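# A structural walkthrough
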Amino acid sequence: MSGAIEPTGAQLEAFTKADQTAPIGMLNLLKFRDKAEYKDGRDAGGLSGQDAYGLYGLVAMEKIKAVGGRFFWGSPSSAPLIGGETDEWDMVAIVRYPSRKAFLDMIAMPDYQAALVHREAGLAWQALIPCRGDAIPE
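The model shown is predicted, which means the values in this text are computed figures rather than measured ones.

Here we come to the packing of aromatic side chains. Following the criterion strictly, the structure yields five aromatic pairs and no others. Taking the centre distance of 5.4 Å and the plane angle of 55° together, the rings of Phe32 and Tyr53 count as tilted. Remark: Tyr53 occurs in helix α2 (residues 49-66) and Phe32 occurs in strand β1 (residues 24-32); sequence separation between them is 21 residues. Just as Phe32 is buried, Tyr53 falls in that class too. Each ring, one from Tyr56 and one from Tyr112, has its centre 5.7 Å from the other, and the planes form 70°; the classification is edge-to-face. Here Tyr112 lies in helix α4 (residues 110-122) and Tyr56 lies in helix α2, a separation of 56 residues in the sequence. Accessibility expressed as a relative area gives 6% for Tyr112, which makes it buried.

See the structure below:
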């Protein structure tokens with residue numbers, strides 16, 4: 001696993017060139033750090049990576065609703081039945097957005113941007129996989 005928590009330029013370009021109006025589901029595969037690590041050097045105060053991500057999640061949930069999206073499903077994950085060590089995720093979640101544009105609008109919101117410090121502190125790596133949103137009930 002590469003340790004990525006942000007899209008590459010090519011990935012972001014492909015995402016923005018796709019249909020911006022159709023509903024989209026975002027499959028989140030999350031691997032947390034054992035202990036939160038803030039890039040700005042602040043003391044994490046003993047927060048686990050999952051706890052730091054939870055601080056981000058509080059803001060993200062509000063912003064998801066603000067753009068007309070909804071948290072569809074989430075669960076802690078167990079070891080994979082098929083796959084290797086790098087496929088071991090701590091949590092899996094699905095969020096439905098009314099469109100790619102709504103998702104992009106959300107991630108541009110200043111308060112969402114401010115919360116990213118906790119996401120970055122908490123995540124070791126992530127996969128964020130766009131899926132057809134019309135396959136997810138509203």
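Next, the rest of the story.
Glancing now at the pattern of salt bridges. A full pass over the atoms with the stated rule returns eight salt bridges. Between Lys17 and Glu13 there is a salt bridge, and its shortest N-O distance comes to 2.8 Å. Residue Lys17 and its partner Glu13 are located together in helix α1 (residues 9-17), separated by four residues, close to a single helical turn. A relative accessible area of 63% means that Lys17 is categorised as exposed.

A separate point is the side chain of Arg119. Along the polypeptide, Arg119 turns up in helix α4. A polar contact is formed between the side chain of Arg119 and the side chain of Glu6, at a distance of 2.8 Å. Within the structure, Arg119 has its side chain in polar contact with the side chain of Gln126 (distance 2.6 Å).

Scoring rules and cut-offs
- Residues numbered from 1 in each chain as written.
- Predicted model: local features only at pLDDT ≥ 70, side-chain atom pairs only at ≥ 80, totals over all residues.
- Heavy atoms only, no water.
- Phe/Tyr/Trp six-rings, centres within 6.5 Å; stacked < 30°, edge-to-face > 60°.
- Helix = DSSP H or I, 4+ residues; strand = E, 2+ residues; numbered from the N terminus.
- Buried < 20%, exposed > 50% of the residue type's maximum accessible area, 1.4 Å probe, protein only.
- Salt bridge = Lys/Arg side-chain N within 4 Å of Asp/Glu carboxyl O.
- Polar contact = N/O pair within 3.5 Å; in protein donor to acceptor, adjacent residues only side chain to side chain.

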